[in-house]
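Report on the structure
Here is what each chain is made of, one letter per residue.
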Amino acid sequence: NNFCIAIPSNEGRCTQCHPGYGYKDKNFDFADASQLDCLICHDTTGTYKKDPKTAGMPSPTVDLTMVAANVGDPSRANCGACHFFAGGGDNVKRGDLGSALLTPAMDADVHMGSVATGGKDMSCQECHVTTQHQIPGNQLQDRGDVSCDTAGCHSNFQMTGSHTSAHIAAIACQACHIKEFSRQMPTKTYWDWSTAGDKERTPVLDANGMPDYNVMKGDFVWEKNVTPELRWYNGKWNRMFIGENDKYTSTPVQLAQPLGAKGDGKLFPFKAMKGIQAADANNQTVLIPHLFGSAGGPNPYWAKYDWNLAFEDGAAYTGQVYTGQFDWVETIMYLPINHEVSPKSAARTCSDCHNGGIDLWSLGYTHDPMTGADLDPNK
């Protein structure tokens, strides 16, 4: 990805969120159930936390006996402890999941919003219905996606206006009901790794109060009230995996993109995350830097601030071929937007899509379905 790039060689830092104990390197045994951190999901005291530098082990300040004696069903706070702070900070990664959703009003999210404001105050599990700890919604696994039209939810919803059936067949609920995301707090939309390492530079706060730079990570762009990109999605993805398809032939390098086309899937909203990261200058392989800790090699970037050494470590650890020369390349990845669902009063209107509202030509339309206008940009 174009956040902290990859887990291999950096496990000890990444796994401060992942629900395992001691996932410090590639030798971790995923079949060992005794290494599963049950308390991160089932603590009801609000006191449980992981130590950030011990590969997922509990903080020594936690009273484990007290926490274990007060376990219960996962709360939104349990889920949010990791999901709200993915990518290194509050609302950084997904853009539609931040701490503002812990106790939101209905206009922030109709599902999670408080009953007092007209919301449903739903738990995460009401949509992510879990069977034997298999949680649907993870689009990298075979656990299935969460659907809005399941029994008991929106299977019998009413939509006024003409062409209702055509819209329901082609457009996901989220596409209209999440007109903008990151409405409560900013999210990161651009990350330039090439500028990292300038120890003399002083970060400047932007209009949202967010820093434009971090010596460990480079330049950032933050945005609030972001308009999602609408793309066809048929339930499948094209994703770049280390050692499988980590070479590119054009830029920006597509790290993760939903698959689909007009007539194949529905329109869904996505966050387009853009960045600058390193690739081998001679074989066009997106490189994995060793950033953190000693388990991935002797030269983590965040200790030595030497990219060449960090890429040598990463290649040795992952089996990538690194020729000793690297370039900085543009990358892009898409993340699905499914939260921060707005009430119907704030949903898209006809003109938000038709008559120039969105780029229908890029979505496969030759004419505007509503107005009949010719969309060919060459005419």
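To keep things clear, this report deals only with the structure shown in the data block. Because the structure is a prediction, the values reported are computed rather than measured.

1. Some words on the state of the cysteines
Within the structure shown, the criterion is met by zero disulfides. Sulfur of C38: no disulfide; nearest cysteine sulfur belongs to C41 and is 8.4 Å away. Here C38 falls in the partly exposed class, since its relative accessible area comes to 44%. Considering cysteine sulfurs only, C79 is the nearest to C124, which forms no disulfide, with 3.8 Å between them.

2. Let's talk about unusual backbone geometry
Each neighbour pair has its own omega, and for T251 with P252 the value is 0°, a cis peptide bond. Here P252 shows up in the loop between β5 (237-239) and β6 (253-258). Although it is not a glycine, E340 adopts a positive phi angle of roughly 60°. Position of E340 relative to the elements: it lies in the segment after β8 (326-336).

3. Here's the deal with the pattern of salt bridges
Proximity of charged atoms lets side chains of opposite charge pair with each other. Evaluated as defined, the whole model comprises seven salt bridges. Put simply, D121 and R76 hold a salt bridge, and the shortest N to O gap is 3.3 Å. Placement of the pair is D121 in the loop between α4 (76-83) and α5 (164-170) and R76 in helix α4, with a sequence separation of 45 residues. Note on R76: relative accessible area 10%, which makes it buried.

4. As for the nonpolar core
Of all hydrophobic cores here, the largest spans 37 residues; its most connected members are F3, W193, Y301, W307 and M333. Listed by contribution, the elements that provide at least two residues to this core are β3 (218-223), β6, β7 (266-280), α7 (301-304), α8 (307-318) and β8. Those residues within four positions of F3 in sequence are excluded, and the remaining contacts are V92, K93, W191, W193, K271, M273, M333 and L335.

5. Quick word on the pairing of β7
Taken across its 15 residues, β7 has 12 buried, putting it largely inside the fold. Pairing geometry for strand β1 (residues 187-192) and β7, over three bridges, is parallel. Paired with D192 across the bridge in β7 is I276. For strand β4 (residues 229-233) and β7, the ladder comprises five bridges, and the chain directions are antiparallel. Across the sheet, residue E229 finds its bridge partner in β7, namely F270. Both β7 and β8 contribute to a ladder of 11 bridges, which runs antiparallel.

6. As for the packing of aromatic side chains
Evaluated as defined, the whole model comprises 20 aromatic pairs. Ring geometry for W193 versus W307: centroids 6.0 Å apart, planes at 80°, classification edge-to-face. With W193 in the loop between β1 and β2 (213-214) and W307 in helix α8, this pair connects stretches of sequence that are 114 residues apart. Relative accessible area serves as the criterion here: at 1%, W193 is assigned to the buried category. Each member of the aromatic cluster is reached from another via a ring pair, and the members are F3, W191, W193, F220, W222, Y301, Y305, W307, F311, Y322, F326 and W328. The positively charged end of K26 is found above the aromatic ring belonging to Y317, 4.4 Å away from the centroid. Over the ring of Y334 we find R231, and its NZ or CZ is 4.2 Å from the ring centre.

7. Considerations on α8
The end-to-end C-alpha separation of α8 is 16 Å, in line with the 16 Å expected for 12 residues at 1.5 Å each. Among the residues making up α8, those that are buried are W307, A310, F311, D313, G314, A315 and Y317. Looking at the buried positions of α8, the neighbouring elements they touch are α1 (11-14), β7, α7 and β8. Put simply, D306 is the residue that caps the front of α8, since its side-chain oxygen is 3.0 Å from the backbone nitrogen of N308. Directly after α8, the chain includes G319, whose backbone phi takes a positive value near 90°.

8. Here we look at the environment of A196
One can find A196 in the loop between β1 and β2. Judged by its relative accessible area of 11%, A196 falls in the buried class. Along the primary structure A196 and R94 are separated by 102 residues, whereas in three dimensions their C-alpha atoms are 23 Å apart. Not counting residues within four places of it along the chain, the set of residues in contact with A196 comprises Y213, V215, M216, K217, G218, Y301 and W307.

9. A closer look at the side chain of E11
Note that E11 resides in helix α1. Looking at E11, its side chain comes within polar contact range of the main-chain nitrogen of S9, at 3.1 Å. The residues contacting E11, other than those within four sequence positions of it, are Y23, K24, D25, K26 and Y317.

10. A few points about the environment of M185
Examined against the element boundaries, M185 turns out to sit in the loop between α6 (173-177) and β1. Using a relative accessible area of 17% as the deciding quantity, one classes M185 as buried. Separated by 95 residues in the primary sequence, M185 and D90 have C-alpha atoms spaced 8.5 Å apart. With residues near it in sequence (within four places) discarded, M185 still touches D90, N91, G98, S99, A100 and K224.

Conventions and cut-offs
Residues numbered from 1 in each chain as written. Predicted model: local features only at pLDDT ≥ 70, side-chain atom pairs only at ≥ 80, totals over all residues. Heavy atoms only, no water. Disulfide = S-S within 2.5 Å. Buried < 20%, exposed > 50% of the residue type's maximum accessible area, 1.4 Å probe, protein only. Helix = DSSP H or I, 4+ residues; strand = E, 2+ residues; numbered from the N terminus. Salt bridge = Lys/Arg side-chain N within 4 Å of Asp/Glu carboxyl O. Core = buried A, V, L, I, M, F, W, Y, C linked by side-chain atoms within 4.5 Å. Contact = heavy atoms within 4.5 Å. Pairing = 2+ DSSP bridges. Phe/Tyr/Trp six-rings, centres within 6.5 Å; stacked < 30°, edge-to-face > 60°. Lys NZ or Arg CZ within 6 Å of the ring centre and 35° of its normal. Expected span 1.5 Å × (residues − 1). Polar contact = N/O pair within 3.5 Å; in protein donor to acceptor, adjacent residues only side chain to side chain.

In short, the description is geometric, and any link to function would need to be established separately.
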